[in-house]
There are 2 protein chains.
Amino acid sequence: MKGHGTENDFVLLPPGEVDDLTPDIVRALCARRRGVGADGVLRVVRADSSVPDVRWFMDYRNADGSIAEMCGNGIRVFARFLVSAGLEEPGRLCIDTRAGVKDVDVSTSGDVTVDMGAAEVLPDALVQVGSTWYDAVGWSMGNPHLVILDVKRLSAFDLSSPPVVDPASAYPDGVNVELVERVGPCHIRMRVHERGVGETRSCGTGACAAAVAAMESAGERTTYVVDVPGGRLMVEWHSDGRVSLTGPAVLTARGETDVAISS
Amino acid sequence: MKGHGTENDFVLLPPGEVDDLTPDIVRALCARRRGVGADGVLRVVRADSSVPDVRWFMDYRNADGSIAEMCGNGIRVFARFLVSAGLEEPGRLCIDTRAGVKDVDVSTSGDVTVDMGAAEVLPDALVQVGSTWYDAVGWSMGNPHLVILDVKRLSAFDLSSPPVVDPASAYPDGVNVELVERVGPCHIRMRVHERGVGETRSCGTGACAAAVAAMESAGERTTYVVDVPGGRLMVEWHSDGRVSLTGPAVLTARGETDVAISS
């Protein structure tokens, strides 16, 4: 099964299909031309949990075969698959991940909302994009982000090489960088450079960090529309500090492959 | 069905599946993240031909929805599909294309050979790659090519922008450019910039033009191994002037999608 959320795309492995998912199999599946092609693999696993509501574990892998804790776009596609395959009813689901149990709400309309947890403040820093240095505010959504607010002419920026951070010591493991342009009240547009990956079409935690930074700067906690290159997301910052991410999750194709075996 | 030849990849539409293939459907299928993802679509059509051996027509479309006459990697994947689906026996097949009927030979080993027709001389020209001008020899394989022979450090060239041709008037409709490094006797390695596309992982007519140019320069007509970024091809230049291209053609996945309808 293949699906995407705002053009962040995944190969879904239904429960019981692949018990031993090796990095080689992940890389073969995700290869754009030799394989099925995807940004990552979502293996659907029946949860071995004592908590009654937790019936599923999301085994998420990056395209390079490495293990990732969580993926805000991936978990929405994962939940959409559970409902579409008849394994769950629409509504609220609890999905276990390597970053803990996540609450997900699958609407019948197509949008899926995920509780991304609390946003936490990180150190501010200077970020160089192209030849210019910008002030950036730091926020964690489980992973670190530096958000450059209120840029003009978003499309003109060159994100082909990793932005430089000063002081580098503030983010020794690297950092995701978001460029944010205000479109109107409660509406921003952004581009993102993901650490270790490059510019991407969408980043769920990045959309949350960007919206939170923009709301904090505007002195409000509300719901923002966040346009990313791959589509439109909505981010709500709740009074208790938690952030929820809503957006489309689409299943595009289903089929069989043996690329993983033959590679 | 999905397949590739030296990482030039295609969505195959089996006979009768899609009668009215619009550019919108092609673009939706070929979209890498929102669709299935491919360089082009191969629609398998039962030939309406009076010639008894011609049972199939290859309806080839580029990923942008435009119509293309022929594709040397595509027709090999097309033939592999016919045999794999049980529609033809392994061996020699005649496949009709918009560039005429092509002879294809499907081995049981996995390689497929296609008769690409005669190579014809085109005007030589100067080609600028990066900041340097190079002598290039012109060859047609149905489409135009300028081949830069005997380059050193093939991987160091910058093909991110279209090479400039002098005189431009020699190739008013644009031209494909191949960079060729000799690896050893009868063995070259190449990179290709396809007109209107950019650098690609493989180009069937480009491999033929590159091998023919290298053979002509060495004063021989024989079989060359041609390494392209996406894999290995073999090109034979026959005494009658015809060129045949041999290489892998692999089916990677099969399945269903409704992206074309929902987009």
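Calculation rules
- Residues numbered from 1 in each chain as written.
- Chains lettered and ligands numbered in written order.
- Predicted model: local features only at pLDDT ≥ 70, side-chain atom pairs only at ≥ 80, totals over all residues.
- Heavy atoms only, no water.
- Salt bridge = Lys/Arg side-chain N within 4 Å of Asp/Glu carboxyl O.
- Helix = DSSP H or I, 4+ residues; strand = E, 2+ residues; numbered from the N terminus.
- Phe/Tyr/Trp six-rings, centres within 6.5 Å; stacked < 30°, edge-to-face > 60°.
- Buried < 20%, exposed > 50% of the residue type's maximum accessible area, 1.4 Å probe, protein only.
- Lys NZ or Arg CZ within 6 Å of the ring centre and 35° of its normal.
- Least-squares fit on C-alpha atoms with pLDDT ≥ 70 in both.
- Contact = heavy atoms within 4.5 Å.
- Polar contact = N/O pair within 3.5 Å; in protein donor to acceptor, adjacent residues only side chain to side chain.
- Core = buried A, V, L, I, M, F, W, Y, C linked by side-chain atoms within 4.5 Å.
- Domains from an automatic or database assignment.
- Buried area = accessible area lost by both parts, 1.4 Å probe.
- Nonpolar A, V, L, I, M, F, W, Y, C, P; charged D, E, K, R; others polar.
- Pairing = 2+ DSSP bridges.
- Expected span 1.5 Å × (residues − 1).
- Patch = residues over 30% accessible without salt bridge, like charges linked within 9 Å, V, L, I, M, F, W, Y side chains within 5 Å.
- Areas by Shrake-Rupley, 256 points an atom, 1.4 Å probe, with all protein chains shown as cover.

Residues and elements named next belong to chain A. Inspection of every chain in the model, using the stated rule, returns 40 salt bridges over all chains. For D103, the salt bridge goes to R92, with nearest N and O atoms at 3.2 Å. Here R92 lies in strand β5 (residues 91-97) and D103 lies in strand β6 (residues 100-106), a separation of 11 residues in the sequence. Note that D227 and R232 form a salt bridge whose closest N and O atoms lie 2.7 Å from each other.

The geometry of an aromatic ring pair is captured by the separation of the ring centres together with the interplanar angle, meaning the angle of the planes. Throughout the structure, instances matching the rule amount to 6 aromatic pairs over all chains. Here F10 of chain B and Y60 of chain B contribute two aromatic rings whose centre-to-centre distance is 6.1 Å and whose plane-to-plane angle is 70 degrees, an arrangement assigned as edge-to-face. With F10 of chain B in strand β2 (residues 8-13) and Y60 of chain B in strand β4 (residues 54-62), the pair connects residues that are 50 residues apart, well separated along the chain. Looking at F10 of chain B, the relative accessible area reads 0%, which means it is buried. Assessed through its relative accessible area of 6%, Y60 of chain B is described here as buried. Between the aromatic rings of Y134 of chain B and F157 of chain B, the centroid separation amounts to 5.7 Å while the plane-to-plane angle is 55 degrees, which identifies the pairing as tilted. Pair noted here: Y134 of chain B is in strand β9 (residues 132-140) and F157 of chain B is in the loop between β10 (144-148) and β11 (164-166), with a separation of 23 residues, a long-range link. Accessibility expressed as a relative area gives 13% for F157 of chain B, which makes it buried. The ring of W237 of chain A is capped by R221 of chain A, whose NZ or CZ atom sits 4.0 Å from the centre of that ring.

Here we take up the relation of the copies chain A and chain B. Rotating chain A by 180 degrees and moving it 0.1 Å along the rotation axis overlays it on chain B with an RMSD of 0.0 Å. Classification of the inter-copy transformation places it as that of a two-fold axis. Among all residues of chain A, the one whose C-alpha sits closest to the rotation axis is G255 of chain A, at a distance of 1.8 Å. Mapped onto chain B, 100% of the interface residues of chain A are again interface residues, and the two copies thus contact each other with one and the same surface.

Glancing now at the environment of E178 of chain B. All names here are of chain B. Locating E178 in the fold gives a position in strand β12 (residues 176-184). With 13 residues separating them along the chain, E178 and R191 place their C-alpha atoms 5.8 Å apart. Apart from the residues lying within four places of it in its own chain, the contact partners of E178 are H145, L146, V147, I148, M190, R191, V192, G206, A209 and A210. At 2.8 Å, the side chain of E178 and the side chain of H145 are in polar contact.

Below, the discussion takes up the side chain of D59 of chain B. All names here are of chain B. If you trace the backbone, D59 turns up in strand β4. By relative accessible area, which is 1% here, D59 ends up buried. In terms of polar contacts, D59 uses its side chain to reach the side chain of R43, at 2.8 Å. A distance of 2.7 Å separates a polar atom in the side chain of D59 from a polar atom in the side chain of R98. The residues contacting D59, other than those within four sequence positions of it, are L21, V41, L42, R43, V45 and R98.

Residues and elements named next belong to chain B. Ranked by internal contacts, the top residues of the largest apolar core, which has 52 residues, are I95, V226 and V235. Element by element, the count of residues in this core is highest for helix α3 (residues 204-218), at 9 residues. Residue contributions to this core reach at least three from each of two domains, namely domain 1 (2-111 + 248-262) and domain 2 (120-246). Beyond its immediate stretch of four places on either side in the chain, V235 contacts A207, C208, A211, M215, T222, T223, Y224, V226, V243, S244 and L245.

All names here are of chain A. The domain architecture assigned to chain A consists of domain 1 (2-111 + 248-262) and domain 2 (120-246). One C-alpha centre belongs to domain 1, the other to domain 2, and the line joining them spans 25 Å. Interface area, domain 1 with domain 2, both sides summed: about 700 Å², of which 53% is carbon and sulfur. Counting the surface domain 1 buries against domain 2, the share from its top three residues, T6, E7 and R76, is 56%. Between domain 1 and domain 2 we count 1 salt bridge in total. Between E7 and R201 there is a salt bridge; the shortest N-O distance is 2.8 Å. Our enumeration of links across domain 1 and domain 2 arrives at 3 residue pairs in polar contact (both at pLDDT 80 or more). No other element matches helix α2 (residues 72-84), which puts 3 residues into the side of domain 1 that touches domain 2. The class makeup of the residues in the side of domain 1 that touches domain 2 is 1 nonpolar, 5 polar and 3 charged.

Contact residues are listed per partner, giving 22 residues for chain A and 22 residues for chain B. Both faces considered, chain A and chain B share a buried interface measuring about 1,800 Å² in area, 38% of it formed by carbon and sulfur atoms. Between D39 of chain B and R33 of chain A there is a salt bridge, with the nearest N and O atoms lying 3.0 Å from each other. Here 5 bridges tie strand β18 (residues 250-257) of chain A to strand β18 (residues 250-257) of chain B, and the two strands are oriented antiparallel to one another.

Each full turn of the α-helix corresponds to 3.6 residues, which orients residues three or four apart in the same direction. Residue and element names in this part refer to chain B. Taking 1.5 Å per residue, 13 residues should reach 18 Å; helix α2 (residues 72-84) reaches 19 Å between its end C-alpha atoms and fits that length. Counting buried residues in α2 gives 12 out of 13 residues, a clear majority hidden from the surface. Taken together, the buried positions of α2 are G72, N73, G74, I75, R76, V77, F78, A79, R80, F81, L82 and V83. Once α2 ends, the next one or two residues include G86, with phi positive near 80 degrees.

As a further point, take a nonpolar patch on the surface. All names here are of chain A. A surface patch of nonpolar side chains, amounting to about 250 Å² of accessible area, comprises L126, W133 and V164. Summarising the element assignment, V164 is placed in strand β11 (residues 164-166). Taking relative accessible area as the criterion, V164 reaches 40% and is therefore assigned partly exposed.

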